[in-house]
Amino acid sequence: MAVISLVSSKGGVGKTTSGVVLAGEFAAAGRNVVLIDADPNRPLEAWSRLRPLSSQLRIMVDDSAETVIDTIEEARAGADFVIVDLEGTATDRIGFAVARSDLVLIPLQQSVLDANEAAKSVKLIRQMWKVANREIPYRAFYSRVPPAIRERTARDIERQFNDASIPTLPVSLIDRAAYRALFSIGGTIHELETSDVSGLESARENAREFAQSVINTLRGGVA
Ligand SMILES: Nc1ncnc2c1ncn2[C@@H]1O[C@H](COP(=O)(O)OP(=O)(O)O)[C@@H](O)[C@H]1O
Ligand SMILES: [Mg+2]
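(A) A look at the overall build of the chain. The number of helices and strands found in the chain is 8 helices and 6 strands. Sequence-ordered secondary structure for the chain, helices as α and strands as β, is β-α-β-α-β-α-β-α-β-α-β-α-α-α. Taking 17 Å as the expected radius of gyration for a compact globule of 223 residues, we find that the chain reaches 16 Å, a close match to that expectation. If you line up the chain on its principal axes, its C-alpha atoms span 50 × 40 × 30 Å. Looking at the chain residue by residue over its 223 residues, the buried ones come to 50%. Of the roughly 10,100 Å² of accessible surface on the chain, 47% is carried by carbon and sulfur atoms. Computed over 26 positive and 29 negative side-chain charges, the inter-centroid distance for the chain is 4 Å.

(B) Seen up close, the pairing of strand E3 (residues 57-61). In this structure, strand E2 (residues 33-38) lies alongside E3, joined through 5 bridges in parallel fashion. Looking across to E3, one finds that aspartate 37 is bridged to valine 61. Taking the sense of rotation as the criterion, the β-α-β connection linking E2, helix H2 (residues 43-50) and E3 turns out right-handed.

(C) Geometry of the environment of glycine 14. Within the secondary structure layout, glycine 14 lies in the loop between strand E1 (2-6) and helix H1 (15-28). Expressed as a C-alpha distance, the spacing of glycine 14 and tyrosine 142, which sit 128 residues apart in the sequence, is 9.1 Å. Beyond its immediate chain neighbours, meaning those up to four positions away, glycine 14 contacts Pro107 and Ser143.

(D) Broad picture of the packing of aromatic side chains. Counting across every chain of the model gives 3 aromatic pairs. With a centroid separation of 6.4 Å and an interplanar angle of 50 degrees, the aromatic rings of tryptophan 129 and tyrosine 138 are classed as tilted. With a centroid separation of 4.9 Å and an interplanar angle of 55 degrees, the aromatic rings of phenylalanine 141 and phenylalanine 210 are classed as tilted. In this pair, phenylalanine 141 is assigned in strand E6 (residues 138-143) and phenylalanine 210 in helix H8 (residues 200-220), connecting sequence segments 69 residues apart. By relative accessible area, phenylalanine 141 is classed as buried at 2%. Taking the relative accessible area as the measure of exposure, phenylalanine 210 reaches 0% and is therefore buried. In this structure, arginine 126 packs its charged tip against the face of tryptophan 129, placed 4.5 Å from the ring centre.

(E) Structural context of the layout of surface pockets. In this structure, the largest pocket spans a volume of roughly 360 Å³. Lining the largest pocket are 22 residues, with Gly12, Val13, Gly14, Lys15 and Thr17 sitting closest to its centre. Of all the secondary structure elements, the ones that give two or more residues to the lining of the largest pocket are H1 and helix H7 (177-185). With 4 residues, the top contributor of residues to the lining of the largest pocket is H1.

(F) Focus on the side chain of serine 18. Residue position: serine 18 is located in helix H1. In this structure, serine 18 is in contact with Leu6, Phe141, Ser143, Leu173 and Phe210, ignoring residues within four places of it in sequence.

(G) Local environment of the sheet that holds E3. Ordered by their spatial adjacency, 6 strands build an open sheet running E3-E2-E4-E1-E5-E6, and the pairing between neighbours is parallel. Two strands in the sheet have a free side with no partner beyond their single neighbour: E3 and E6. For this sheet, the mean angle separating the axes of adjacent strands, direction not counted, is 25 degrees. Where E2 lies against strand E4 (residues 81-86), 6 bridges are found, and the strand directions are parallel. Residue pairing in the sheet places valine 33 in a bridge with phenylalanine 81 of E4. Each of E2, E3 and E4 is contacted by H2, which is oriented at about 130 degrees to E2, the strand it contacts most. The sheet contacts of helix H3 (residues 68-77) involve E1, E2, E3 and E4, and relative to E2 the element is tilted by about 170 degrees.

Rules of the game
Per chain, residues are indexed from 1 in the order of the written sequence. For this description, chains carry letters from A and ligands carry numbers from 1, given in the order in which they are written. For a predicted model such as this one, the threshold for reporting local features is a pLDDT of at least 70, and the threshold for listing and counting side-chain atom pairs is 80 or more; totals across whole chains, interfaces and linings nevertheless cover every residue. Here the side-chain values reflect all heavy atoms present in the structure, with hydrogen atoms and water set aside. Under the scheme used here, helices are H or I runs from DSSP no shorter than 4 residues and strands are E runs no shorter than 2 residues, and both carry numbers assigned from the N terminus. Every radius of gyration here is taken over C-alpha atoms, with the globule rule written as 2.2 Å times N^0.38, N being the number of residues. Buried means the residue's accessible area, taken with a 1.4 Å probe over protein chains only, is under 20% of the maximum for its type, while exposed means over 50%, and partly exposed covers the values in between. In these tables, accessible area is a Shrake-Rupley quantity obtained with a 1.4 Å probe, and a residue counts as shielded only by the protein chains included in the view. Under the counting rule used here, the positive set is Lys and Arg, the negative set is Asp and Glu, and His together with the chain ends is not counted. Where a charge lies is defined by one atom per residue type, namely NZ (Lys), CZ (Arg), CG (Asp) and CD (Glu). In this analysis, strands are considered paired if DSSP registers two or more bridges between them. Look down the strands so they point away from you; if going from the first strand over the helix to the second traces a clockwise path, that crossover is right-handed. In this analysis, two residues are considered to be in contact whenever any of their non-hydrogen atoms come within 4.5 Å of each other. Stacked, tilted and edge-to-face are the three classes assigned to paired rings of Phe, Tyr and Trp, where Trp is represented by its six-membered ring and a pair needs centres within 6.5 Å; plane angles under 30 degrees give stacked, over 60 edge-to-face, the rest tilted. Sitting over a ring, as applied to charges here, requires NZ of Lys or CZ of Arg to be within 6 Å of the ring centre and within 35 degrees of the ring normal. A pocket, in this scheme, is an open set of points on a 1 Å grid over the protein atoms alone with protein on both sides within 12 Å along at least 5 of 7 lines, while a cavity is a set where a 1.4 Å probe fits but cannot get out; residues line either one if an atom lies within 4 Å of a point. Grid points are joined across faces, edges and corners, and a volume is the space filled by probe spheres set on the points. Fitting a line to C-alpha atoms yields each axis, with helices limited to the stretch in contact; the angle taken between N-to-C directions then spans 0 to 180 degrees.

Structure follows, in structure tokens:
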């Protein structure tokens with residue numbers, strides 16, 4: 001059982017999308033997944049209404065900082081993976097969710113090389129180490145990476161973040177129409193049809209590699 005939170009100090013970087021992509025991969029592998037919608041805009045709840053979810057996937061809506069820990073613990077009891085989708089502005093709820101996480105993921109857009117944005121989230125996470133009295137693992141990763149510059153991957157990105165001492169995932173989430181389509185069609189990329197969007201196979205391959213890098217990080221333990 002693993003709790004994964006998606007955190008960033010900015011909106012629109014791909015937290016919700018990455019959360020759904022991860023959930024889709026874990027569910028496709030036969031694991032039970034709870035997605036917690038802890039964003040007041042309730043993007044996951046809206047997504048879940050578009051199309052019936054597979055039996056491996058469940059949504060829980062969380063309302064506030066006061067309830068988020070209980071929501072996470074309730075979800076953890078019945079799932080192999082709990083993925084917490086948070087809002088983009090700093091709130092107490094983000095801190096509480098981080099304190100209960102086994103891994104915190106920080107999406108960043110590569111178009112704005114933004115180690116500073118990540119540094120804000122890292123600061124919050126490390127503050128929560130003291131609250132939780134353990135070293136909560138975290139990784140930054142690039143989301144919405146244009147496919148054309150895909151080659152500029154692991155080593156470049158790692159070098160940039162090494163300078164800022166921020167650990168990164170070795171896989172980026174590519175900008176794909178298939179990922180955008182999830183929020184108009186619903187479901188996961190395993191349920192989309194090739195006639196729905198272009199580049200579906202590439203998106204599936206990317207999603208698989210991305211999820212595998214998250215699994216490897218969870219297995220590896222401490223940040
Ligand atoms: N990998 C991706 N490929 C294509 N579009 C993406 C990708 N990640 C995010 N987007 C799009 O970017 C916008 C913001 O993404 P979202 O996941 O809602 O960000 P956040 O949850 O951080 O606010 C949405 O319109 C979404 O469809
Ligand atoms: Mg979101």
